[in-house]
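Descriptive analysis of the structure
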Number of protein chains: 6
Amino acid sequence: MILRMDRLQTELPKPKNPSANDAAAIQELLGGKFGEMSTLMNYTFQSFNFRGRSQLRPFYDLIANIATEEYGHIELVSYCINMLLTGVTKRDPNPVSGPLADAANFRNSYHTLASGQQALPTDSMGNYWNGSFVYSSGNLKADLLHNFFLECGARANKIRAYEMVTDPCARAMVGYLLVRGGVHIVAYAKALEKLTGVDVGKLLPIPDISNKKFPEAKAHEDAGLHLKLYQFSTEDYGTAGKIWNGPHPEDGQECKFEPLPEGYGAPVPDLEPEPQLNSPLDPAMIADILKKMQ
Amino acid sequence: MILRMDRLQTELPKPKNPSANDAAAIQELLGGKFGEMSTLMNYTFQSFNFRGRSQLRPFYDLIANIATEEYGHIELVSYCINMLLTGVTKRDPNPVSGPLADAANFRNSYHTLASGQQALPTDSMGNYWNGSFVYSSGNLKADLLHNFFLECGARANKIRAYEMVTDPCARAMVGYLLVRGGVHIVAYAKALEKLTGVDVGKLLPIPDISNKKFPEAKAHEDAGLHLKLYQFSTEDYGTAGKIWNGPHPEDGQECKFEPLPEGYGAPVPDLEPEPQLNSPLDPAMIADILKKMQ
Amino acid sequence: MILRMDRLQTELPKPKNPSANDAAAIQELLGGKFGEMSTLMNYTFQSFNFRGRSQLRPFYDLIANIATEEYGHIELVSYCINMLLTGVTKRDPNPVSGPLADAANFRNSYHTLASGQQALPTDSMGNYWNGSFVYSSGNLKADLLHNFFLECGARANKIRAYEMVTDPCARAMVGYLLVRGGVHIVAYAKALEKLTGVDVGKLLPIPDISNKKFPEAKAHEDAGLHLKLYQFSTEDYGTAGKIWNGPHPEDGQECKFEPLPEGYGAPVPDLEPEPQLNSPLDPAMIADILKKMQ
Amino acid sequence: MILRMDRLQTELPKPKNPSANDAAAIQELLGGKFGEMSTLMNYTFQSFNFRGRSQLRPFYDLIANIATEEYGHIELVSYCINMLLTGVTKRDPNPVSGPLADAANFRNSYHTLASGQQALPTDSMGNYWNGSFVYSSGNLKADLLHNFFLECGARANKIRAYEMVTDPCARAMVGYLLVRGGVHIVAYAKALEKLTGVDVGKLLPIPDISNKKFPEAKAHEDAGLHLKLYQFSTEDYGTAGKIWNGPHPEDGQECKFEPLPEGYGAPVPDLEPEPQLNSPLDPAMIADILKKMQ
Amino acid sequence: MILRMDRLQTELPKPKNPSANDAAAIQELLGGKFGEMSTLMNYTFQSFNFRGRSQLRPFYDLIANIATEEYGHIELVSYCINMLLTGVTKRDPNPVSGPLADAANFRNSYHTLASGQQALPTDSMGNYWNGSFVYSSGNLKADLLHNFFLECGARANKIRAYEMVTDPCARAMVGYLLVRGGVHIVAYAKALEKLTGVDVGKLLPIPDISNKKFPEAKAHEDAGLHLKLYQFSTEDYGTAGKIWNGPHPEDGQECKFEPLPEGYGAPVPDLEPEPQLNSPLDPAMIADILKKMQ
Amino acid sequence: MILRMDRLQTELPKPKNPSANDAAAIQELLGGKFGEMSTLMNYTFQSFNFRGRSQLRPFYDLIANIATEEYGHIELVSYCINMLLTGVTKRDPNPVSGPLADAANFRNSYHTLASGQQALPTDSMGNYWNGSFVYSSGNLKADLLHNFFLECGARANKIRAYEMVTDPCARAMVGYLLVRGGVHIVAYAKALEKLTGVDVGKLLPIPDISNKKFPEAKAHEDAGLHLKLYQFSTEDYGTAGKIWNGPHPEDGQECKFEPLPEGYGAPVPDLEPEPQLNSPLDPAMIADILKKMQ
């Protein structure tokens, strides 16, 4: 059960060069096998399914907090896609002028045919996200190892998306996610360490390039964002700090489990209408509704 | 961005007759085309994607609140499945005895092979939920009509699941969802009515059988649960009441938009371990961990 | 462009033992890789796509006539499934009695959850028919070879469905289709022979068991049904007889291309309501509508 | 059971600018979730599956007539795609010259690798049409609501395809389909109105832009094409006029159910060979066959 | 490039109780996400794709040898399925007797409809194996971590299949694979250890139950089978011993890289015909062919 | 059970113009419905599944040898893709420079996001290869006919890929495969001929263009490569020569079954690193590992 806040976890600057093909690439981070839909749904199902949680509450709480944070990640990636797609076709409400003519050459035709230049739960090739990407074996050790690997695979995707799309909107998003995904990698490493004594964190970074090489990520890490695991609940899931503690494997600083700071994040952007797509409505109809609703 | 509470939206009684085939049927309500994954993801993406929301905020807020409530629904269905699956195989940690032998005849073999007798994002035939079930056209009228239909289709599924599975755990869950899904149907009808003036609510019920025929649903409706749309946010999405108001189309009582009541719902059940599946861990390992974690 | 007749191509007796699992098996003949959806759609697309038809009209006409006949085959298989599913659950409109309780053990749960005990475009495992089953290479020789193989694969499926389901309704349907599918196999063999001079028909039967071993098929063949290719058009596609002529490869009788006989086939059965599924409507609502519509 | 006519429902002008990427976009109208394969198969299965039809014949007849018309729509879209693809690569039968070299940059590589520059049952991203797009619940009210929504979703796709592809061949096709799809939308609205008394037609148009804004559609509507529901059968399905009658919701003119006019439509185009694809055959082989077949 | 030997890697006893539902369960080990098709194809593609192999040959050789061994595993699982399916229906070549009638209640209908009671590349629910199960990121560290996890996930599946299916044929197969899969787990752990210095092997076993608990596996381990990585090539891939060496993490014995022993494994079983399925041919046709082929 | 050799079946020249879109097209020959994954897996499963092989050994041996050769074909196509992808993005290890920026416009985004510019088991549209492409009916005649058709369909794909991609690396690969695939077509034709007496080889070539029109294929045929079926085993599968003998249907030369020649093929290319993708590792890490491994 959740409550929602109308905020993004980090601020996304308006794109300098809206680009449908950039948006198409970013879809991989949303609906790809290693996209945020996958991290969200893996941990969410694992938390619903956790057997024997009364005995192993810190593990349950850890997974539940991370699952909760991931919801904000599908939101962030979706907004980035929506912003990159805003204004990429001609804003002419007269269909005869062929306002979408350029879109015939866009890599992703769903963005204009199925959505109003908006995000969809597909990957960068237009293949739909599906439930086979969820692993929930019920065995805690196997699930944690899976999650550790999943986050590393997701990190590889983010790095490559960063290299493909240079627009500041996308890079702000990816830079933030590299840091927060990095927290999740370390969290699952620490959980495995609690179970086995193996210093899993020393395997990092995977792939073998540091977050510090990405200026947008480095700025967040300089501010210590990679050290905080947040409690994404006002009352519950409070024992994750029994796992998230001790030195960070990359720089040795102390890891802290904290309540999500008051006012975290940034307001959600207001997405401009695209009248050629009747999105959200025909302009005349909008005017009419506004009158009626007063 | 969300916060999570460790509570179910309604209480689920312990099953009288745990049954793998009943659990398999209930999967349709989770990962089927008309399952809760679909309602959750449709409204969630529509809310992320909403263009021109500053002008049409009540519609945005309506969709966002319902989307948020749906998260609690995937949780509820998942717990129901998990409870129906608890104890359906022999609890013998010795693999040689063939503790899962009965499972070779279960309709859904993923429950024991891929999960630890737990819910998965598939439908009742083991087909995975996928993103082609999400509609987000960007046109508000088309999206609302879709949502109205989707909820009616979901209602048909719930009714039939109710008729297939008679265990009280499942019926408590379905009865509750019939009422809350009913609220969503009416909410989308009212939204369409605001846009067009058409009395869409008079089409109801679809399918043509009243919630009052289902005792578990009737009890909730007698208590007025079908009249409340909740604000699933402490601060945001507060204007949905501009749409959710006026008489309920079935009984004419007044509809009210309210903050989610303090302490809503029930505690989440603690799911018993299934040692034959090493879920969550080998018993010896659990003991070992508990010692270490003190 | 088509016109439709409210008739089945052959008469289907009422099932002696309606059976959900028998219906589930028969779905393979509808939506399987080698089901009637596949034959219909392969030939239909090949006919739309035929390049250079003015020069090769007999081939175009042959494919178009067979494509047209196949529509009647998806109809026939669908009715058989519908009839096998009629009455397999309890006809109690009160959901509390659990009228669908038996269905939790049916192999195919879509029949009661997604349909009203009715046919769906899936195969015997509930996997959906999909467009990857269509081959339309544009090369006539390759397409004809494909079609010849497809019909042989379809024949194997029919033979096995016949052996799995013994109810007279299913056997009447399969027996008829074995004969008509046999015509199609020979037709594609003859088409290949016209192109190459190779006596392809001598490869038959594939699989290596004669239609005469199936009493319901034998009865049709005794009446000469395996010798007729019908013109499924009142005016067009009339040159297929340039290919469909000469001796039948199995018994040497003369093949004839003829107009579809007047009054061919049988009336479509009237499918009984299943009120527990609200199919077609709640009984009270039906009464109400009938009154209004007078 | 059907008969077929070798005619298109409307005339398609030869493309001014054949274009593989335009053809790729148009595929959405054929094999997309809201394409003509979906409308065809939804209504076809609903008609096969209709329970209790003796009591509710006008509804059965309405669905059956529309289903039958849809066959002509998959034909029309397929021909449009085929025409847009004709001549888009070099017509050189010598493979060494790389006649398909341009195709490596086409959005849809199936058109040259899997087909002979021809239509396939996929959508605009090359994802295959599949049976999960078919809804046949057995409950008439739910099915009609679905159909009403499906047609509105299909309309949104057509509008956007119109805006993406400006070639006259495509626009003639889309303009015609907007009008005929509009008839289907109103037909399902009227059917729902008969069941419930709700003036569903007043919700239209969805999306909120009139067909009159599209010159090719307007020309048809000026001629009254939007007022006619045709009986696509010489003898059967004749009671649909009990539903299709009364004023059209957009302009108040009287709706009429009529036999399909004699000579409706236009001859099917003869598609030119593409020898570089051996479609239909190697030129030498064609010559050889023609000699033999005389 | 490969050479093939007509031998199984281990001997499979004839099933005591052939069982279609047992065979259906075992399909998970063949075509499931964690089945042998997945391990085979992951390592095979990673070996084809290995960049910079001249510098990192031991890693390349390790992956290539394991990939090669996996081919023998899809073979072993397929034979087990084929043996479990032999004789499960009536061997009556007369279709009228309904020799496959029992199969209408089998969980997997493909085994009789699509195959001749034989293995197919699907999982235990009849979902097809697909290429999304292959991970080949190009980054060695990420690929090795993936492989380590994949083998652990595969191990969980094997353990559960062992508990579901008690027939000696299946248990001989699973017992052997637990040991050889165990070698692969340790091999990838050692490879990661070479890259990072982390003692990954100490994470084992995952899931947390020892192979020694499975008598069929224990027998192989008592004979030291878990200590040998074989060179599956007569000349190439010979440097894997630079990684596969040192103590085994579970029992400390010394790991050895060796040529595949001469005469390894057992003869492949000769699978009996199933004449009711015309598999391999109609008996009369077999006799005829044998005569001709002399 | 197999042994592997680190060699390609034919030499692939370094591409003149590496091209991501050319590589995308070639993927069809790897993971398409008619790609080498399909031929490999069809024959491999048919060989595992062969019932009654003791009586029909030459057929078993024929299929097994061809299956074995196909492994070398997926290897060859994969290397061709890898080589075409080598160097197509900027080799700058600094992510800030956007080294993958060009890739946002590549048709296949998986090559840079999911792989390290490497082959994947997908087709030319990024759809994954899946097990529904495998046919293994158990009936030998049906399986052989399928294989004959499959090879013809694969041949059509190769011809078209040749026409789309003119780079010498791709053409060397396709030219070789046209010849070897041609051997397989004839082999299955001869097998059918043994069963039926029909001169199936006279249907060839399908599509109707000779291999001699492709210079790279012609060179191999001039050397007699189309006459040899190789025994891909040192000891087993030796009776295939009872089928593969007699005149070749296209030029009448004598067909011979022979052991695979000593030293067949060419060394596998060493694929250059792509440091911008961390493939295989960060350069500093490679250096570090090399030091450690000495």
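Calculation rules
Residues numbered from 1 in each chain as written. Chains lettered and ligands numbered in written order. Predicted model: local features only at pLDDT ≥ 70, side-chain atom pairs only at ≥ 80, totals over all residues. Helix = DSSP H or I, 4+ residues; strand = E, 2+ residues; numbered from the N terminus. Rg over C-alpha atoms; globule rule 2.2 N^0.38 Å. Buried ≥ 20, exposed ≤ 12 C-beta atoms within 10 Å, placed from the backbone. Contact = placed C-beta atoms within 7 Å. Least-squares fit on C-alpha atoms with pLDDT ≥ 70 in both. Pairing = 2+ DSSP bridges. Nonpolar A, V, L, I, M, F, W, Y, C, P; charged D, E, K, R; others polar. pLDDT = per-residue confidence, 0-100. Core = buried A, V, L, I, M, F, W, Y, C linked by C-beta atoms within 7 Å. Axes fitted to C-alpha atoms, helices over the stretch in contact; angles between N-to-C directions. Parallel < 35°, antiparallel > 145°, perpendicular 65-115°, else oblique. Left-handed = near helix turned anticlockwise from the far one by under 90°.

**Regarding the overall build of chain A**
- On a plain count of helices and strands, chain A comes out with 8 helices and 5 strands.
- On C-alpha atoms alone, chain A measures out to a radius of gyration of 20 Å, which is about the 19 Å that the 2.2 N^0.38 rule sets for 294 residues.
- Dimensions of chain A, computed from the C-alpha atoms along their principal axes, are close to 70 × 45 × 35 Å.
- Expressed as a percentage of the 294 residues in chain A, the buried residues total 71%.
- Look at the contacts in chain A between residues 6 or more apart in sequence, and 78% of them connect residues 24 or more apart.

**Examining the relation of the copies chain E and chain A**
- Rotating chain E by 180 degrees and moving it 0.0 Å along the rotation axis overlays it on chain A with an RMSD of 0.0 Å. Look at the turn and shift together and you get a two-fold axis relating the two.
- A share of 100% of interface residues in chain E that are also interface residues in chain A marks the association as one of identical surfaces.

**Section: the arrangement of the chains**
- Considering only C-alpha positions, the minimal separation of the non-contacting chain A and chain C is 15 Å.
- At their nearest point, the C-alpha atoms of chain D and chain E are still 15 Å apart, with no contact between the two.

**Details of the interface of chain B and chain A**
- Counting residues at the interface gives 74 residues for chain B and 75 residues for chain A.
- Considering every element that reaches the side of chain B that touches chain A, the biggest residue donor is helix 3 (residues 57-85) of chain B, with 9 residues.
- With 3 bridges connecting them, strand 1 (residues 2-4) of chain A and strand 1 (residues 2-4) of chain B associate as antiparallel partners. If you follow Ile2(A) over to strand 1 of chain B, its bridge partner there is Arg4(B).

**A word on the relation of the copies chain B and chain A**
- Overlaying chain B on chain A yields an RMSD of 0.0 Å, the required transformation being a rotation through 180 degrees with an accompanying axial translation of 0.0 Å.
- Taken together, the interface assignments show that 100% of the residues at the interface of chain B recur at the interface of chain A, consistent with an identical surface on both copies.

**Comments concerning the interface of chain E and chain A**
- Listed per partner, the contact involves 23 residues of chain E and 23 residues of chain A.
- Looking at the side of chain E that touches chain A, the elements with two or more residues in it are helix 5 (140-164) and helix 6 (168-196) of chain E.
- A total of 8 residues in the side of chain E that touches chain A trace back to one element, the largest contributor, which is helix 5 of chain E.
- Looking at the side of chain E that touches chain A residue by residue, the class counts come to 11 nonpolar, 7 polar and 5 charged.

**Considering the environment of Ala161(A)**
- Within the secondary structure, Ala161(A) sits in helix 5 (residues 140-164).
- Its 29 C-beta neighbours within 10 Å are what place Ala161(A) among the buried residues.
- For the pair formed by Ala161(A) and Gly31(A), sequence separation is 130 residues and the distance between their alpha carbons is 13 Å.
- Residues contacting Ala161(A), with those up to four places away along its chain left out, are Ala25(A), Ile26(A), Glu28(A), Leu29(A), Val174(A) and Leu113(F).

**Brief notes about the confidence of the model for chain A**
- Averaged over all residues, the pLDDT of chain A is 97; the fraction at 70 or higher stands at 100%.
- Across the interface, the model reports ipTM at 0.98; the global pTM reads 0.98.

**Some remarks on the nonpolar core**
- By size, the foremost hydrophobic cluster in this structure holds 642 residues, and its most contacted members are Cys80(A), Cys80(B), Cys80(C), Cys80(D), Cys80(E) and Cys80(F).
- Excluding residues that lie within four positions of it along the chain, Cys80(F) makes contacts with Leu12(F), Ile26(F), Cys169(F), Ala170(F) and Met173(F).

**As for the packing of helix 2 (residues 36-49) of chain E against helix 3 (residues 57-85) of chain F**
- Running from N to C, helix 2 of chain E and helix 3 of chain F point in directions that differ by 50 degrees, and their axes come no closer than 9 Å. Viewed along their axes, helix 2 of chain E and helix 3 of chain F adopt a mutual orientation that is oblique. In this structure, helix 2 of chain E meets helix 3 of chain F at a crossing whose hand is right-handed. Contacts between helix 2 of chain E and helix 3 of chain F involve Phe45(E), Phe48(E) and Asn49(E) from the former and Glu75(F), Ser78(F), Tyr79(F) and Asn82(F) from the latter.

**Focus: the packing of helix 6 (residues 168-196) of chain F against helix 7 (residues 215-222) of chain F**
Residues and elements named next belong to chain F.
- Direction vectors running N to C along helix 6 and helix 7 enclose 45 degrees, while the axes themselves pass 7 Å from each other. Relative to helix 7, the element helix 6 is oriented oblique. Considering only the axes of helix 6 and helix 7, their crossing is right-handed. When helix 6 is examined against helix 7, the residues Arg171, Ala172, Gly175, Tyr176, Leu178 and Val179 are found in contact with a partner set consisting of Glu216, Ala217, His220 and Glu221.

**Overview of unusual backbone geometry**
- A cis amide bond links Ser279(A) with the next residue in sequence, Pro280(A), at an omega value of 10 degrees.
- The linkage connecting Ile206(D) with the following residue, Pro207(D), adopts the cis geometry, with an omega of -15 degrees.
- Mapping Pro207(D) onto the fold places it in the loop between helix 6 (168-196) and helix 7 (215-222).
- Look at Gln117(D): it is not a glycine, yet its phi comes out positive at around 55 degrees.
- Within the fold, Gln117(D) resides in the loop between helix 4 (110-113) and helix 5 (140-164).
- The phi torsion at Asn278(F) lies on the positive side, around 50 degrees, for a residue other than glycine.
- Inspection of the secondary structure puts Asn278(F) in the loop between strand 5 (266-267) and helix 8 (283-293).

**Section: the environment of Asp270(C)**
- Take Asp270(C): it is sitting in the loop between strand 5 (266-267) and helix 8 (283-293).
- Once the C-alpha coordinates of Asp270(C) and Ser124(C) are considered, the two residues, 146 residues apart in sequence, prove to be 25 Å apart.
- Once residues within four sequence positions are removed from consideration, Asp270(C) is found in contact with Arg53(D) and Ser54(D).

**As for the environment of Val183(A)**
All names here are of chain A.
- Tracing the backbone shows Val183 in helix 6 (residues 168-196).
- What makes Val183 buried here is the crowd of 21 C-beta atoms within 10 Å.
- For the pair Val183 and Asp222, spaced 39 residues apart in sequence, the C-alpha to C-alpha distance is 14 Å.
- Among all residues touching Val183, those that are not within four sequence positions of it are His226 and Leu229.

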